[in-house]
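What follows is each chain in one-letter form.
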Amino acid sequence: MNTIAYLGWRSVLNRRGSVLLTVLSIALSVAMLIGVERLRNDARDGFARTVSGTDLIVGARGGQVQLLLYSVFHIGNASNNLSWQSVQHIAALPQVDWVVPLSLGDTHLGYRVVGTTAEYFARFRHGDDRALVFAAGRAFAPAPEGIFETVIGAELAVRHGYQVGAKIVLSHGSGGFADHGDKPFTVVGILAPSGTPVDRSVLVSLEGIEAIHVDWQGGAPIPGVSIGAEHVRKFDLTPKTVTAAMVGLKNRVTVFRVQRQINTFADEPLTAILPGATLQELWSLVGVAERALLAVAAVVVVVGLAGLVAVMIAGLGERRRELAILRALGAGPRHVLGLLMLESVTLAVVGILCGLLLVHGLIWMSGGWLTTTYGIYLGIGWPSLSEWGLLGAVLAASVLASLVPAYRAYRYAVADGMTIRM
Amino acid sequence: MAETLNIERFELAEGERVFLRGASGSGKSTLLSLIGGVLQPSAGRISVGGQALDVLGAAARDCFRADHIGFVFQLFNLLPWLSARDNILLACRFSPARRARLSQMGVLPQAEAERLAARLGLTPALLERPAAALSVGQQQRVAAARALIGAPGLIVADEPTSALDAELQARFVDLLMDECAAAGAALLFVSHDARLAEHFDRVVELADINQATVREVA
């Protein structure tokens, strides 16, 4: 066995050019497979970590998944708002413990602005019921003092070097069209990283959102009207509408009853969702695409292994002499079989290891970008159970694939014996 | 299957040096494969060093070949990507018996490879070169050293000189004979070239001993 390993190693070294390309193609295919798997698992983890402690999310009548995506994950936009009266009505329901309204729509440098109440910081939970922590500063003060105060997420603070006391200007909509340049906000608090979309959020009071839109109408400044920041406090800054509301109940048992009550609310068409259940619905939707992606990755692995088989078989033609020499020296056909299998499997294993390194390197390099752009946190670490499963499957497939050139070499070894054929 | 060889009796004594002359296509390769235990005769018996090969299984015959027979071929004897030294030592790697005989003699395989190489006129510097970088004559000497290391009882040489020029041919045959004598190994030298026959104890024409009517076409 030692001899076989030694010969295999030396033979592979001799053919390192084609061997390196083969290993590279296997590495790339494995990196793709593991990358897809990790992406889908970490994306699920990340999403699941974000929804915690909120019993119901209420928005205007519409798709449940859509409501979950725009309210919690800041993906997409609401097509409709719900009225402030409805929010107050829900807050007044006897089963309801608390309501935190959310007003979305504006941005700062591409980061979403969330208009809410100071209670948000106390009620928002992520992961295992963990509350938000201030890395610096404090929550914004209640109106009217805190109208132009803001709390920003950890990532925004780090990326743009914002400290407590910094002045930031909000943009209307997703940015690029119009700024609320006349009413800058002062950073009064910076949150510690939570691994949720909050890290990429700019949190202001609902009154602040109202204030910057006082002299706006239909999504644009009213021509000729300009109301300065110092005068805006004279206006009634109670919001007319909000985008969504997070609802906590006194007793979770009542959740379906409250949901039904809200869904059948007579004054306004509303949708209330259970975040966990809706997340499951989302996964069942996304699952099809995930499986398709995984299937494509699996096919790429098969292509990589087919390349390995092709390289090994192409090499065999030249190696018939080598095999005859080994036969004369006392190698049996089973040694030849072992030699070829060992070579192929070793290349596959090296390819798999390189693939793992590659995928971690890519995660390391692109992690920040993925997080800011798509809100997906990819972890670097040992493969998960499902990834081990995939790696095992790749290894098993490579053992099967190695049988093809090995069996061929075996046949040569039996047919040629010590006779050197070319 | 067409009959290739039909030999009533052919034997070498211990340490005997026999020249077996046969044209190409006369069934030489088949005979060597039979002696090496790679092929099995359809009838009759082949013994090497007192061991009947037909009673051994295929794997045991492979082991036996590694332990007791050294082969030198016409060309391409060496693994081109191994150094000359590693090519010589390869024979020991496949054969525990060769290693055992060396340790009985109290020499390490490395030292024996160097000693044989030196006797065959290979400098230590040449030993470190990859086999592919050696001249044909050097390659054949490396092949001879590999066949001889660990003192197998029989050396089979299959046209080992046909790629060499006339002067080198005679020198190589002399070297091979000397080393076989020193190791006490019998030498079966197969060639179509009768000019080399004069060096040997005995000359046998394959055509004379082979009674097969159909000849191998190789």
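Model, not experiment: these values are computed from the prediction. (Residues numbered from 1 in each chain as written. Chains lettered and ligands numbered in written order. Predicted model: local features only at pLDDT ≥ 70, side-chain atom pairs only at ≥ 80, totals over all residues.)

**Some points on the overall build of chain A**
Counting its secondary structure elements, chain A contains eleven helices and 17 strands. What you see for chain A is a C-alpha radius of gyration of 31 Å, clearly larger than the 22 Å of a compact globule of 422 residues, by over 25%. Considering chain A as a whole, with its 422 residues, one finds that 42% of them fall into the buried category. Summarising the internal contacts of chain A: among those between residues at least 6 apart in sequence, 79% fall at separations of at least 24. (Helix = DSSP H or I, 4+ residues; strand = E, 2+ residues; numbered from the N terminus. Rg over C-alpha atoms; globule rule 2.2 N^0.38 Å. Buried ≥ 20, exposed ≤ 12 C-beta atoms within 10 Å, placed from the backbone. Contact = placed C-beta atoms within 7 Å.)

**A word on the interface of chain B and chain A**
Each side of the interface is counted separately: chain B has 23 residues, and chain A has 18 residues. Contributions of two or more residues to the side of chain B that touches chain A are made by helix H1 (28-36), helix H2 (58-68) and helix H3 (84-94) of chain B. The element contributing the most residues to the side of chain B that touches chain A is H2(B), with six residues.

**Details of the sheet that holds strand S1 (residues 17-21) of chain B**
Residues and elements named next belong to chain B. Strands sit in the order S4-S5-S6-S1-S7 across an open sheet of five strands; the sheet is parallel. Lying at the two open borders of the sheet, with one neighbouring strand each, are strand S4 (69-72) and strand S7 (202-205). Pairs of neighbouring strands in the sheet enclose a mean axial angle of 20 degrees, with direction left out of account. Across five bridges, strand S5 (residues 154-158) lies against strand S6 (residues 186-191) in parallel orientation. Looking across to S6, one finds that Val156 is bridged to Leu188. Together, S4 and S5 form the strand contacts of helix H7 (residues 136-148), whose direction differs from that of S4 by roughly 170 degrees. (Pairing = 2+ DSSP bridges. Axes fitted to C-alpha atoms, helices over the stretch in contact; angles between N-to-C directions.)

**Details of the packing of H7(B) against helix H8 (residues 166-183) of chain B**
Residues and elements named next belong to chain B. Packing of H7 against H8 brings their axes to within 11 Å, and their N-to-C directions diverge by 15 degrees. As summarised for this structure, H7 and H8 are arranged roughly parallel, according to the angle between their axes. The handedness of the crossing between H7 and H8 is right-handed. Facing H7, whose interface residues are Gly137, Gln140, Ala144 and Leu148, H8 presents Leu168, Phe172, Leu175, Leu176, Glu179 and Ala183. When grouped by side-chain class, the residues that make up the contact of H7 with H8 number seven nonpolar, two polar and one charged. (Parallel < 35°, antiparallel > 145°, perpendicular 65-115°, else oblique. Left-handed = near helix turned anticlockwise from the far one by under 90°. Nonpolar A, V, L, I, M, F, W, Y, C, P; charged D, E, K, R; others polar.)

**A few points about the UniProt feature "transmembrane region" (unreviewed entry) in chain A**
All names here are of chain A. Per the UniProt record, the feature "transmembrane region" (unreviewed entry) sits at residues 17-36, 292-316, 336-358 and 388-410. The span residues 336-358 is 100% helical and 0% strand by assignment, and the distance between its end C-alpha atoms comes to 33 Å. Taken end to end, residues 388-410 has its terminal C-alpha atoms 32 Å apart, with 100% of it in helix and 0% in strand. (UniProt positions renumbered as here; feature names shortened; annotations may be inferred.)

**Considering the nonpolar core**
Grouped together as the largest cluster of nonpolar side chains are 105 residues, with contacts concentrated most on Val336(A), Ile88(B), Ala145(B) and Ile155(B). Setting aside anything within four residues of it in sequence, one finds Val336(A) in contact with Leu323(A), Leu326(A), Ala331(A), Ala409(A), Tyr410(A) and Ala413(A). Counting residues in each nonpolar core, the second largest holds 62 residues, with Leu104(A), Leu156(A), Ile209(A) and Ile212(A) among its members. (Core = buried A, V, L, I, M, F, W, Y, C linked by C-beta atoms within 7 Å.)

**Observations concerning the sheet that holds strand S1 (residues 56-60) of chain A**
All names here are of chain A. Taken together, four strands build an open sheet; the order of strands is S3-S16-S1-S17 and the sheet is antiparallel. Of all strands in the sheet, those bounded by a partner on one side alone are strand S3 (96-102) and strand S17 (270-273). The average angle at which neighbouring strand axes cross in this sheet is 25 degrees, direction not considered. Contacts from helix H3 (residues 64-72) reach S1, S3, strand S16 (244-249) and S17, with the element oriented near 105 degrees to S1. On top of the sheet, helix H8 (residues 255-263) reaches S1, S3, S16 and S17; it is set at about 165 degrees to S17, its chief contact.

**Concerning unusual backbone geometry**
Residue His74(A) is not a glycine yet carries a positive backbone phi of 60 degrees. Turning to its location among the elements, His74(A) is positioned in the loop between H3 and strand S2 (82-83). Non-glycine residue Ala151(B) carries a positive phi angle of around 50 degrees.

**Notes on the packing of helix H9 (residues 275-328) of chain A against helix H11 (residues 385-416) of chain A**
Residue and element names in this part refer to chain A. Orientation of H9 relative to H11, taken along the N-to-C sense of each, is 25 degrees, at an axis distance of 9 Å. On the basis of their axis angle, the class for H9 and H11 is roughly parallel. The two elements H9 and H11 cross, and the hand of that crossing is right-handed. Mapping the contact onto sequence places Val301, Leu305, Leu308, Val309, Met312, Ile313, Leu316, Arg320, Leu323, Ala324 and Arg327 in H9 and Val394, Ala397, Ser398, Ala401, Val404, Pro405, Arg408, Ala409, Tyr412, Ala413 and Asp416 in H11. Grouping the amino acids of the contact of H9 with H11 by side-chain chemistry returns 17 nonpolar, one polar and four charged.

**Regarding H8(A)**
Three or four residues apart is the spacing at which side chains of an α-helix point the same way, because the helix has 3.6 residues per turn. Residues and elements named next belong to chain A. For H8, the full list of buried residues reads Val258, Gln259 and Ile262. Mapping the buried residues of H8 onto a view down its axis gives an arc of 105 degrees, with all of them on the same face. The exposed set on the far side of H8, more than 90 degrees from its buried face, consists of Phe256, Arg257 and Arg260. Where the residues of H8 are buried, they touch S1, helix H4 (84-91), S3, S16 and S17. (Arc of directions from axis to C-beta.)

**Things to note about the pairing of S3(A)**
Residues and elements named next belong to chain A. Within S3, five of the seven residues are buried, which leaves it mostly tucked inside the rest of the structure. Here S3 runs beside S16; their pairing, made up of six bridges, is antiparallel. Looking across to S16, one finds that Trp98 is bridged to Gly248.

**A look at the confidence of the model for chain B**
For chain B, per-residue confidence averages 86 on the pLDDT scale, and residues scoring 70 or more make up 96% of the total. Interface scoring of the predicted complex returns ipTM 0.88; its pTM is 0.73. (pLDDT = per-residue confidence, 0-100.)

**Looking at the environment of Gly195(A)**
All names here are of chain A. Among the structural elements, Gly195 can be located in the loop between strand S11 (185-191) and strand S12 (201-205). Gly195 gets classed as partly exposed once you count the C-beta atoms within 10 Å, which come to 17. Between the C-alpha atom of Gly195 and that of Val114, which follows or precedes it by 81 residues, the distance is 17 Å.

**With respect to the domain arrangement of chain A**
Residue and element names in this part refer to chain A. Each assigned domain of chain A is listed here: domain 1 (2-47 + 287-416) and domain 2 (50-281). Domain 1 and domain 2 are separated by 49 Å when their C-alpha centres are compared. Counting from both sides, the interface comprises five residues of domain 1 and, opposite them, seven residues of domain 2. When grouped by side-chain class, the residues that make up the side of domain 1 that touches domain 2 number two nonpolar, three polar and no charged. (Domains from an automatic or database assignment.)

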